[in-house]
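Chain by chain, the residues run as shown.
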Amino acid sequence: MTITIIGAGAIGGVIGAYLIRSGEEVVFIDRDKVHVDAMNKKGLTIQMKDDSFTVEAKAYTVEEFLAAKLPVETIFLAVKAQHTKEAIEPFKPLMKPDSYVVSFQNGLCEYDIAEVVGADRTVGCFINLFADYLEPGKIEYGGVGSLYIGETDGTVSERVLDLKERLQGWGEAKATDNIFGYLWSKLAYGAMLTATATTNEEIANFFANAELHPILNAIGTEVLRVAEKQGITAEPFDNWNPALLYPHKKEPELQTSYFQLAELLRSYTKTRTGIWRDLAVRKRKTEVPQQLNPVIRIGEEHRLAMPLTRKLLSLIQEIENGEREMSIGNIRELEAVMQESGIS
């Protein structure tokens, strides 16, 4: 089976490189021709804190791959959430009847993929790893996290089990019958991380600072409340356990978990979020609207006000548009919304 990875950046690059190293046949597709050329000429290098490795890579630009009219079997989609539909649409005619797409993305992109290729050809994926695109042909792998594969209808199929086994070449991938439980859990955790990206502080500093825990708690709770309304049980992963926060906050255990999370994050080479990097380094639009707008919309359908999620989205968009600086003052504005809304 050939695995076609659309988006050879941080996540796609790391997963693909490990799969190649374990013997899988992988083809990369990326819109950055310089990155594609570098991979074809020098291979793809994964740089870690104490080690690195390089694999020979077969890579195409989108135009090159479409011109070659090569069939696609299994697609790993690893583009930013805002590019989901436009990224997968051109490849639909190349898919065979049993081909399918796996979303190695943040947010609820499975729904967008299903609109293009059909729900029966969409496989859910939760991935939590820290990586950054450094330069053409080189990805920094800054911290290992969890990876779960599951069907969007809540089953564990043969193709899910096959993917799980193939992904052992990367690490301890697992199958799940509650993929949306992981995706919503990450949406809550991700919203908390998004708040850190409105400042120049490292993520670990937020979880290590007890004075910042109330705003993090409030942001996470707002998202988890929406998940509950959807009948979804949020799952724990790595050092994040949403059950300590919602529906019944377990303060001592939650605070201890934050301190442990801070310690873990300090061991990573990547100290800030990809969202922060998009804003501060790459100066480009983030995927935050595509992550948070569905949460807001679904929340409103359940008559939830979502004041913190709305404010957080507004802060990010103002930073994107050059209308706001990244500073701890943005957290103070979120705290003001929390107080005005009577959120404890």
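Not measured: the values here are computed from a predicted model.

Trainee: What's the story with the pattern of salt bridges in this structure? I'm lost.
Mentor: Once their charged atoms are close, side chains differing in charge can pair, the charge on each being opposite to the other. In total, this model carries 18 salt bridges according to the counting rule given. Residue glutamate 115 pairs with lysine 85 through a salt bridge whose shortest N-O separation is 2.5 Å. Pair noted here: glutamate 115 is in helix 5 (residues 109-117) and lysine 85 is in helix 4 (residues 84-88), with a separation of 30 residues, a long-range link. Under the relative-accessibility criterion, glutamate 115 is labelled exposed at 57%.

Trainee: Just checking my understanding: could you explain the environment of tyrosine 60 for this structure?
Mentor: Locating tyrosine 60 in the fold gives a position in strand 5 (residues 59-60). Each C-alpha atom of the pair tyrosine 60 and valine 36 lies 6.0 Å from the other, and the pair is 24 residues apart in sequence. With residues near it in sequence (within four places) discarded, tyrosine 60 still touches Val27, Phe28, Ile29, Asp30, Val36, Phe65 and Leu70.

Trainee: Mind showing me how you'd approach the sheet that holds strand 8 (residues 122-127) here?
Mentor: Backbone-to-backbone hydrogen bonds pair the strands of a sheet. The strands run either parallel or antiparallel. The strand order across the open sheet formed by 8 strands is 5-2-1-6-7-8-11-12, and the pairing between neighbours is mixed. In this open sheet, the two strands that pair with only one neighbour each are strand 5 and strand 12 (174-175). The pairing of strand 8 with strand 11 (residues 147-151) spans 5 bridges and is classified as antiparallel. Across the sheet, glycine 124 pairs through a bridge with glycine 150, a residue of strand 11. Lying over the sheet, helix 6 (residues 158-166) contacts strand 6 (72-77), strand 7 (95-103), strand 8, strand 11 and strand 12, oriented at roughly 165° with respect to strand 11.

Trainee: Before we go on, may I ask you to explain the pairing of strand 6 in this structure?
Mentor: A regular strand carries its side chains on alternate faces of the sheet. For strand 6, a buried count of 5 out of 6 residues is recorded, marking the element as mostly surrounded by other parts of the structure. Strand direction decides the pairing type here: strand 1 (residues 2-6) and strand 6, joined by 4 bridges, are parallel. If you follow isoleucine 3 over to strand 6, its bridge partner there is threonine 74. Two elements, strand 6 and strand 7, share 5 bridges in a ladder whose sense is parallel. Bridging from a neighbouring strand, threonine 74 pairs with tyrosine 100 of strand 7.

Thresholds, definitions, all that
Going along each chain's sequence as written, the residues are numbered from 1 onward. At least 70 in pLDDT is required for a residue's local features to be given in this predicted model, at least 80 for side-chain atom pairs to be given and counted, and no such filter applies to totals for whole chains, interfaces and linings, which use all residues. The basis for the side-chain values is all heavy atoms of the structure; hydrogens and waters are excluded. We count a salt bridge whenever a side-chain nitrogen from Lys or Arg sits within 4 Å of a carboxyl oxygen from Asp or Glu. Strands are runs of DSSP state E lasting at least 2 residues, helices are runs of H or I lasting at least 4, and numbering of each runs from the N terminus. Burial here depends on accessible area, computed with a 1.4 Å probe over protein chains only, as a share of the maximum for the residue type. Under 20% is buried, over 50% is exposed, and the range in between is partly exposed. Here a residue-residue contact requires only that any non-hydrogen atoms of the pair lie within 4.5 Å. Pairing between two strands is assigned when DSSP locates at least 2 bridges connecting them. Between N-to-C directions, angles span 0 to 180 degrees; the directions come from axes that are lines fitted to C-alpha atoms, helices contributing only their stretch in contact.

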